[in-house]
Amino acid sequence: MNSTPSFTIHQLQLGMTAEFVKTFTQQDVDDFARVSGDCNPVHLDAEFAAQSRFGRPIAHGMLTASLISACLGQRLPGQGTVYLSQSVRFMAPVYPGEEIKAQVTVMELLESKNRVRLQTQCWINDKLVLEGEAWVMAPT
(Lines give C-alpha, C1' and ligand atoms only; values in the text may rest on other atoms or scores of the structure.)
Protein backbone atom coordinates (compact mmCIF):
# COMPACT_ATOMS: atom_id res chain seq x y z
CA MET A 1 0.00 0.00 0.00
CA ASN A 2 1.35 3.41 -0.96
CA SER A 3 1.42 5.89 1.93
CA THR A 4 2.01 8.86 -0.39
CA PRO A 5 -0.81 11.39 -0.02
CA SER A 6 -3.08 12.21 -2.93
CA PHE A 7 -4.41 15.72 -3.39
CA THR A 8 -7.89 16.63 -4.56
CA ILE A 9 -8.39 19.58 -6.88
CA HIS A 10 -9.43 21.68 -3.85
CA GLN A 11 -6.24 20.86 -1.91
CA LEU A 12 -3.85 21.80 -4.70
CA GLN A 13 -2.12 25.18 -4.72
CA LEU A 14 -0.11 27.02 -7.33
CA GLY A 15 3.59 26.28 -6.99
CA MET A 16 3.19 22.89 -5.28
CA THR A 17 6.00 20.60 -6.43
CA ALA A 18 6.74 16.89 -6.23
CA GLU A 19 9.56 14.62 -7.39
CA PHE A 20 10.06 11.01 -8.41
CA VAL A 21 13.60 9.60 -8.71
CA LYS A 22 14.74 6.51 -10.59
CA THR A 23 17.84 5.08 -12.23
CA PHE A 24 17.24 3.09 -15.42
CA THR A 25 19.37 0.02 -16.06
CA GLN A 26 20.14 -1.34 -19.51
CA GLN A 27 17.66 -4.11 -18.66
CA ASP A 28 14.96 -1.43 -18.16
CA VAL A 29 15.82 -0.01 -21.59
CA ASP A 30 15.71 -3.50 -23.14
CA ASP A 31 12.35 -4.20 -21.45
CA PHE A 32 10.92 -0.89 -22.68
CA ALA A 33 12.03 -1.74 -26.23
CA ARG A 34 10.30 -5.13 -25.97
CA VAL A 35 7.08 -3.67 -24.55
CA SER A 36 6.91 -0.61 -26.82
CA GLY A 37 8.29 -2.19 -29.99
CA ASP A 38 10.88 0.60 -30.33
CA CYS A 39 13.98 -1.48 -31.06
CA ASN A 40 16.12 1.34 -32.45
CA PRO A 41 19.73 0.10 -32.14
CA VAL A 42 20.84 3.40 -30.59
CA HIS A 43 19.11 2.06 -27.44
CA LEU A 44 20.02 -1.63 -27.69
CA ASP A 45 23.20 -2.24 -29.67
CA ALA A 46 26.42 -1.05 -28.00
CA GLU A 47 28.43 -1.30 -31.23
CA PHE A 48 25.87 0.67 -33.22
CA ALA A 49 25.47 3.26 -30.43
CA ALA A 50 29.25 3.64 -30.18
CA GLN A 51 29.20 5.00 -33.75
CA SER A 52 26.37 7.44 -32.97
CA ARG A 53 26.72 10.98 -31.66
CA PHE A 54 26.00 9.57 -28.17
CA GLY A 55 28.92 7.11 -28.07
CA ARG A 56 26.95 4.48 -26.16
CA PRO A 57 23.35 3.28 -25.79
CA ILE A 58 20.84 5.85 -24.57
CA ALA A 59 17.49 5.38 -22.86
CA HIS A 60 14.37 5.95 -24.94
CA GLY A 61 13.06 9.49 -24.55
CA MET A 62 9.60 8.16 -23.78
CA LEU A 63 11.03 5.91 -21.06
CA THR A 64 12.41 9.04 -19.41
CA ALA A 65 9.06 10.80 -19.94
CA SER A 66 7.30 7.90 -18.22
CA LEU A 67 8.77 9.14 -14.94
CA ILE A 68 6.51 12.18 -15.29
CA SER A 69 3.54 9.81 -15.35
CA ALA A 70 4.84 8.10 -12.21
CA CYS A 71 5.27 11.44 -10.47
CA LEU A 72 1.75 12.58 -11.40
CA GLY A 73 0.08 9.31 -10.42
CA GLN A 74 2.05 8.64 -7.24
CA ARG A 75 3.05 12.06 -5.92
CA LEU A 76 1.17 15.10 -7.25
CA PRO A 77 -1.77 15.16 -7.59
CA GLY A 78 -1.36 11.46 -6.73
CA GLN A 79 -3.35 8.27 -6.96
CA GLY A 80 -6.47 8.62 -9.08
CA THR A 81 -4.98 11.32 -11.33
CA VAL A 82 -6.02 11.01 -14.98
CA TYR A 83 -3.46 12.13 -17.58
CA LEU A 84 -5.09 14.29 -20.27
CA SER A 85 -2.15 15.59 -22.30
CA GLN A 86 1.62 16.03 -22.29
CA SER A 87 3.98 18.15 -24.33
CA VAL A 88 7.61 17.15 -24.11
CA ARG A 89 10.95 18.40 -25.37
CA PHE A 90 14.04 16.25 -25.01
CA MET A 91 17.01 18.41 -24.04
CA ALA A 92 19.84 15.91 -23.53
CA PRO A 93 20.44 12.15 -23.70
CA VAL A 94 19.89 9.86 -20.74
CA TYR A 95 22.26 6.93 -20.32
CA PRO A 96 21.48 3.75 -18.38
CA GLY A 97 22.90 4.07 -14.88
CA GLU A 98 22.17 7.79 -14.48
CA GLU A 99 19.81 8.88 -11.69
CA ILE A 100 16.90 10.87 -13.11
CA LYS A 101 14.71 13.19 -11.07
CA ALA A 102 11.25 13.86 -12.50
CA GLN A 103 9.65 17.01 -11.14
CA VAL A 104 6.14 18.41 -11.54
CA THR A 105 4.94 21.85 -10.47
CA VAL A 106 1.34 23.10 -10.35
CA MET A 107 1.06 26.05 -12.74
CA GLU A 108 -2.71 26.49 -13.21
CA LEU A 109 -5.88 25.26 -11.53
CA LEU A 110 -9.25 25.12 -13.28
CA GLU A 111 -11.32 23.95 -10.33
CA SER A 112 -14.67 24.21 -12.14
CA LYS A 113 -13.41 21.71 -14.74
CA ASN A 114 -11.29 19.66 -12.31
CA ARG A 115 -8.21 20.34 -14.45
CA VAL A 116 -4.61 21.06 -13.47
CA ARG A 117 -1.75 22.30 -15.65
CA LEU A 118 1.72 21.31 -14.48
CA GLN A 119 5.23 22.13 -15.57
CA THR A 120 7.08 18.84 -16.12
CA GLN A 121 10.84 18.41 -16.04
CA CYS A 122 13.45 15.67 -15.72
CA TRP A 123 16.91 16.35 -14.37
CA ILE A 124 20.21 14.52 -14.09
CA ASN A 125 22.09 16.37 -11.38
CA ASP A 126 21.79 20.03 -12.46
CA LYS A 127 21.26 19.22 -16.15
CA LEU A 128 17.74 19.55 -17.59
CA VAL A 129 17.15 16.55 -19.86
CA LEU A 130 13.39 16.89 -20.50
CA GLU A 131 10.88 19.69 -20.21
CA GLY A 132 7.21 20.02 -20.96
CA GLU A 133 3.74 20.60 -19.70
CA ALA A 134 0.93 18.29 -18.63
CA TRP A 135 -2.79 18.63 -18.14
CA VAL A 136 -4.43 16.24 -15.71
CA MET A 137 -7.75 15.61 -14.08
CA ALA A 138 -7.16 15.65 -10.32
CA PRO A 139 -8.85 13.26 -7.90
CA THR A 140 -12.07 14.59 -6.37
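Residues numbered from 1 in each chain as written. Predicted model: local features only at pLDDT ≥ 70, side-chain atom pairs only at ≥ 80, totals over all residues. Heavy atoms only, no water.

> Outline the environment of Gln13, listing residues and values.
Mapped onto the elements of the fold, Gln13 is located in the segment before strand 1 (17-23). Considered as a pair, Gln13 and Met107 are 94 residues apart in the sequence and their alpha carbons are 8.7 Å apart. What Gln13 contacts, discounting residues up to four positions off in sequence, is Val106 and Leu109. (Helix = DSSP H or I, 4+ residues; strand = E, 2+ residues; numbered from the N terminus. Contact = heavy atoms within 4.5 Å.)

> Report on the packing of aromatic side chains, specifying residues and quantitative values.
Going through the model one piece at a time under the given rule, you end up with 0 aromatic pairs. It is Arg56 that lies over the ring of Tyr95; its NZ or CZ is 3.8 Å from the centre. (Phe/Tyr/Trp six-rings, centres within 6.5 Å; stacked < 30°, edge-to-face > 60°. Lys NZ or Arg CZ within 6 Å of the ring centre and 35° of its normal.)

> Talk me through the nonpolar core; I want residue IDs and the actual numbers.
One finds Val104 and Val116 to be the most contacted residues of the largest nonpolar core, which totals 30 residues. For this core, the secondary structure elements donating two or more residues are strand 1, helix 4 (61-74), strand 3 (99-110), strand 4 (115-124) and strand 5 (127-137). A per-element tally of this core places helix 4 first, with 7 residues. (Core = buried A, V, L, I, M, F, W, Y, C linked by side-chain atoms within 4.5 Å. Buried < 20%, exposed > 50% of the residue type's maximum accessible area, 1.4 Å probe, protein only.)

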